[in-house]
Amino acid sequence: MSFIDEIDDEFRAARLDIAVKSHSTPPLFDWLVDVLSFQGISDRVARDYATKHGRATWSQLEKNLKSAECPKLRSYWHYSDCRYDKTSQTCAEPEHFDVCKLPRLRLRNGRLNQTAYSLFLFVRDVAGGDLVDWIRGQIEAAVVEHERDLFAARQAALIAPLRHVYGVGEKTLSMALSTLLMGAREAEPVWFETGKNMVVVDSLAHNFLHRTGILHGCGTPHAYGQACYAEGGCAAIIRKISASIDCRQFNAAFPSVFPRFVQHSIWRFCAAEAANICNGNRIDDGLACQDRYCRLGSKCDRRPLKMAQFQ
């Protein structure tokens, strides 16, 4: 019930409210690249490592790129197939390795070094150095025939270009951008409307929709992955069912239709670090769920997860 309050706290702590109002890209970049570094590892481990060894920052990368000799670092469009490997200390341009500053970032792995530089070059070259203007322009450019498709189109307009940034996925991008868009609601009201409708589909949400029978009853059965964001996929289902849930019953400050909160609630119901109810640790994927005490049990189809690929 404190979902928006937690977003506001994070937003103010990183001074993103000031950054959005003043079109200051460096704080936005620093926060975004930090959030993207949390992929594939627990938040605590990622934070502890960053606290000890440092983070990638806009000012640091801007300074490093001024003296960069590697041809791959000339622009966002040149940056491809870097292949920097932290363990072996190798890359695709060995003749430039000794003077290259990309490896000098003390990040958790070499992939994160590449992500930081790729994102910086995207913001500098594609977004023109003004991330606020770029986000505003992408949202305004999203036009569809039916209003019900508008929020999906806006999400795609933001996510699709950023998916080409090295090492980032749709799930993490959606989570980060949703937080940014909702946190900026005082300065950018339209951003909030976009952010609250951004649905993040991870394997927990997908498996929940399959096990309960919601995916088969309301959408198009599919394997977990990109199809979750396609027509009839998990994201569309969550947006559809969110329209019939008045989220103001949980918190009067919430909008009545709040797909991001509904999706987050599904995650909390399943995640081991939250309610820890509907997940592979508690349920044998080859069998129907045997939990007789689940509050959703009477409405759940209890479909075995491993049958998904055959239906």
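Heads up: the structure comes first, above all this text.
Calculation criteria
- Residues numbered from 1 in each chain as written.
- Predicted model: local features only at pLDDT ≥ 70, side-chain atom pairs only at ≥ 80, totals over all residues.
- Heavy atoms only, no water.
- Salt bridge = Lys/Arg side-chain N within 4 Å of Asp/Glu carboxyl O.
- Helix = DSSP H or I, 4+ residues; strand = E, 2+ residues; numbered from the N terminus.
- Buried < 20%, exposed > 50% of the residue type's maximum accessible area, 1.4 Å probe, protein only.
- Core = buried A, V, L, I, M, F, W, Y, C linked by side-chain atoms within 4.5 Å.
- Contact = heavy atoms within 4.5 Å.
- Axes fitted to C-alpha atoms, helices over the stretch in contact; angles between N-to-C directions.
- Parallel < 35°, antiparallel > 145°, perpendicular 65-115°, else oblique.
- Left-handed = near helix turned anticlockwise from the far one by under 90°.
- Arc of directions from axis to C-beta.
- Phe/Tyr/Trp six-rings, centres within 6.5 Å; stacked < 30°, edge-to-face > 60°.
- Lys NZ or Arg CZ within 6 Å of the ring centre and 35° of its normal.
- Polar contact = N/O pair within 3.5 Å; in protein donor to acceptor, adjacent residues only side chain to side chain.

Trainee: Go over the pattern of salt bridges with me, naming the residues and quoting the values.
Mentor: If you walk through the whole model with that rule in mind, you get 12 salt bridges. Notably, a salt bridge pairs R136 with D133, separated by 3.5 Å at the nearest N-O pair. Within this pair, R136 and its partner D133 are both found in helix α7 (residues 131-141), separated by 3 residues, close to a single helical turn. Assessed through its relative accessible area of 25%, R136 is described here as partly exposed. For E193, the salt bridge goes to K196, with nearest N and O atoms at 3.7 Å. With a relative accessible area of 32%, E193 lands in the partly exposed category. Taken together, the shared-partner salt bridges in this structure form one network comprising D133, R136 and E188.

Trainee: Describe the nonpolar core, with residues and values.
Mentor: Counting residues in each nonpolar core, the largest one holds 52 residues, and the members touching the most others are L119, I135 and L180. Elements supplying a minimum of two residues to this core: α2 (16-22), α3 (25-36), α5 (58-66), α6 (110-126), α7, α8 (150-162) and α9 (170-183). Examining the composition of this core, we find that 8 residues originate from one element, α6, more than from any other. In this view, I135 contacts L158, L180, L181 and W191; residues no more than four positions away in its chain are not counted. Among the nonpolar cores identified, the runner-up in size contains 27 residues, and F3, I4, V201 and C289 belong to it.

Trainee: Lay out the packing of α7 against α8 with the relevant residues and their values.
Mentor: It is at 8 Å that the axes of α7 and α8 come closest, and there the two elements cross at 130 degrees. Regarding the angle of α7 to α8, the classification is oblique. Relative to α8, the crossing made by α7 is right-handed. Of the residues in α8, those in contact with W134, I135, Q138 and I139 of α7 are R154, A157, L158, P161 and L162.

Trainee: Report on helix α1 (residues 3-13), specifying residues and quantitative values.
Mentor: Residues F3, I4, I7, D8 and F11 constitute the buried set of α1. One face of α1 carries all of its buried residues, which in axial projection span an arc of 130 degrees. Summarising the contacts, the buried residues of α1 are in contact with α2, α9, α10 (189-195) and α14 (259-270). Following α1 by one or two positions, R15 adopts a phi angle in the positive range, close to 60 degrees.

Trainee: I'd like to hear about the packing of aromatic side chains, residue by residue, with values.
Mentor: Where two aromatic rings form a pair, the distance of their centres and the angle of their planes describe that pair. On inspection of all chains with the given rule, the structure shows 14 aromatic pairs. Judged by centre distance (4.2 Å) and plane angle (40 degrees), the rings of W58 and F120 are tilted. Of this pair, W58 sits in helix α5 while F120 is found in helix α6, placing the two residues 62 residues apart along the sequence. W58 sits in the buried class, given a relative accessible area of 8%. Through a chain of ring-to-ring contacts, the aromatic side chains of F3, F250, F254, F258 and F261 assemble into a single cluster. Against the face of F151 rests K196, its NZ or CZ located 5.8 Å from the ring centre.

Trainee: Could you give me a rundown of helix α11 (residues 203-212), with the residues and numbers involved?
Mentor: Residues three or four positions apart in an α-helix share a direction because the helix packs 3.6 residues into each turn. α11 sits mainly inside the fold: 8 of its 10 residues count as buried. Of the positions making up α11, those classed as buried are A205, H206, N207, F208, L209, H210, R211 and T212. Looking at the packing, one finds that the buried side of α11 touches α12 (214-218), α13 (234-242) and α14. Backbone geometry just downstream of α11 places G213 in the positive-phi region, at approximately 90 degrees.

Trainee: Could you give an account of the side chain of E170, with specific residues and numbers?
Mentor: Here E170 shows up in helix α9. Leaving out residues up to four positions away in the same chain, E170 has contacts with I159, R163, Q226 and Y229.

Trainee: Could you give me a rundown of unusual backbone geometry, with the residues and numbers involved?
Mentor: A positive phi angle, close to 55 degrees, is found at H23, a residue other than glycine. Residue classification places H23 among the partly exposed residues on the basis of a relative accessible area of 27%. Phi at D81 takes a positive value of approximately 55 degrees, unusual for a residue other than glycine. Within the secondary structure layout, D81 lies in the loop between α5 and α6.

Trainee: Lay out the environment of D246 with the relevant residues and their values.
Mentor: Mapped onto the secondary structure, D246 falls in the loop between α13 and α14. Classification of D246 as partly exposed rests on a relative accessible area of 32%. Sequence separation of D246 and V257 is 11 residues, and the distance between their C-alpha atoms is 6.0 Å. Among the polar contacts made by the side chain of D246, one reaches the side chain of R248 at a distance of 3.0 Å.

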